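Architecture at a glance
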Amino acid sequence: PILLQGLEGMNRAVDGDTVAVELLDKKDWTGSSEVVLEDDGYDPGDTLDKDNKLIEKAVKSKDVQSTGRVVGIVRRKWRQYCGMLQPNPVKGSNRHIFVAAEKKIPKVRIETRQADTLASQRIIVAIDSWPRSSRYPVGHFVRALGKIGDKATENMVLLLEHDIPHSSFSEAVLDCLPSLPWTITRQDELARVDCRHLDICSVDPPGCTDIDDALHAILLPNGNYQVGVHIADVSHFIRPGTAIDLEAADRCTSVYLTDRRIDMVPELLSSNLCSLRGGVERFAFSCVWEMTPQAEVVSTKFHKSIIKSRLAMTYEEAQNKIDDASDMSAIA
């Protein structure tokens, strides 16, 4: 890694940009500064002198590392940024500072006559340019997200800043879903191992509806154990290259916020047909081991299966079953 120190060393580069860096002479290498430079956002001259002087006076660490400076921006990766407005203390001025929620992003100078209204809101700003002589890039106000501290507003900031897809599923994606009522056919039964006779259960947090794994364990006549892990077979419903496959690949994962979940696939799959709920038959991909009492693996089998979970438990319910000596049920 090469240390880029201060605004001059960064030379108007923004996090995410592709840059060209010049390595300084070894005699000019330094360590990371132990001084944190605070910026009030209102340098009257809009110059870099103060920053340079503070860096020169900063106490350096003893660990000197490769040091350089940005000499060119190969490709910009500017985007729209969420944050808040820092109003100009000068009354009547329409030049203000935007402070991004992402601390790696520099403050941005914008012009707006709505400062009194926007000061209490989360807003989105886009960077337009960064003049050579300016401490800050110049941008413009895009839109307001809502009041600072409001849960819906702050959730939106998280989604936008982390580039999390959160729009409704398109018609093309929904067209890939199976029609209801969905049933298991005789052809399905012939193509899969029938595990519906096994006492399978799942353990998840309270309120979980997208149950994607379950397990079972039974004592074999030879004294060993059969242990099975069953994963919801999502691939049965999502074929490669389809609209729903491409959308799921783009989303990568389900995202959990404090008050809602943003699914990777439509709810019909995530919370229903691909959820290993108790008492219903579902497709799974199973891994089954034979193990000794010392947990040594004797054999391993993989196969597509049909399962019927006996019970979908919370962690507390599972622990209660373990602790209850009088519980003689198959799951316990």
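A few words on the sheet that holds strand E1 (residues 3-4). The strands making up a sheet associate through hydrogen bonds between their backbones, and the pairing can be parallel or antiparallel. Strand order across the open sheet formed by three strands is E1-E3-E2, with mixed pairing between neighbours. Across the chains shown, the open sheet's two edge strands, defined by having one partner strand only, are E1 and strand E2 (18-23). As paired elements, E1 and strand E3 (residues 67-75) share two bridges and run parallel to each other. Pairing of Leu 4 across the sheet is with Gly 68, part of E3.

All right, on to the packing of aromatic side chains then. One pass over the structure, following the stated rule, counts three aromatic pairs. Taking the centre distance of 5.2 Å and the plane angle of 85° together, the rings of Trp 182 and Phe 283 count as edge-to-face. Taken together, the residues Trp 182 in the loop between helix H5 (171-174) and helix H6 (186-191) and Phe 283 in strand E15 (residues 281-291) connect sequence positions 101 residues apart. The same class applies to Trp 182 as to Phe 283, namely buried. Three or more aromatic residues joined by ring pairs form one cluster here, namely Trp 182, Phe 237 and Phe 283. Positioned over the ring face of Phe 283 is Arg 192, at 4.1 Å from the centre of the ring.

Relative to the helices and strands, Asp 188 resides in helix H6. With residues near it in sequence (within four places) discarded, Asp 188 still touches Thr 183, His 236, Phe 283 and Ile 306.

Right, let's get into the pairing of strand E7 (residues 121-129). Within E7, seven of the nine residues are buried, leaving the element largely enclosed by the surrounding structure. Where E7 lies against strand E8 (residues 138-147), eight bridges are found, and the strand directions are antiparallel. Bridged to Arg 122 within E8 is Gly 146.

The next subject is helix H7 (residues 243-251). Residues Ile 244, Ala 248 and Arg 251 constitute the buried set of H7. One side of H7 holds all its buried residues, which, seen down the axis, span an arc of 65°. Residues Leu 246 and Ala 249 are exposed on H7 and point more than 90 degrees away from its buried face. Where the residues of H7 are buried, they touch H5, strand E14 (261-262) and helix H8 (267-273). Two residues or fewer past H7, Cys 252 is found with a positive phi of approximately 70°.

With 15 residues, the main nonpolar core has Trp 182, Phe 237, Ile 244, Leu 269, Leu 273 and Phe 283 as its most contacted residues. Listing elements by their share of this core, those giving two or more residues are H7 and H8. It is H8 that contributes the most residues to this core, three residues altogether. Discounting chain neighbours no more than four positions away, the residues touching Phe 283 are Trp 182, Ile 184, Asp 188, Arg 192, Ile 231, Ala 232, Asp 233, His 236, Phe 237, Leu 276, Ser 305 and Ile 306. In this structure, Leu 85, Val 108, Ala 115 and Trp 130 belong to the second largest nonpolar core, which totals 14 residues.

Another point: the environment of Pro 137. With respect to the helices and strands, Pro 137 occurs in the loop between E7 and E8. It is 9.5 Å that separates the C-alpha atoms of Pro 137 and Val 14, two residues lying 123 residues apart in sequence. Contacts of Pro 137, omitting those with residues within four sequence positions, involve Pro 106, Lys 107, Val 108, Arg 109, Ile 127, Ser 129 and Trp 130.

Each value, and the rule that gives it
- Residues numbered from 1 in each chain as written.
- Predicted model: local features only at pLDDT ≥ 70, side-chain atom pairs only at ≥ 80, totals over all residues.
- Heavy atoms only, no water.
- Pairing = 2+ DSSP bridges.
- Helix = DSSP H or I, 4+ residues; strand = E, 2+ residues; numbered from the N terminus.
- Phe/Tyr/Trp six-rings, centres within 6.5 Å; stacked < 30°, edge-to-face > 60°.
- Buried < 20%, exposed > 50% of the residue type's maximum accessible area, 1.4 Å probe, protein only.
- Lys NZ or Arg CZ within 6 Å of the ring centre and 35° of its normal.
- Contact = heavy atoms within 4.5 Å.
- Arc of directions from axis to C-beta.
- Core = buried A, V, L, I, M, F, W, Y, C linked by side-chain atoms within 4.5 Å.

Keep in mind these values describe shape, not function.
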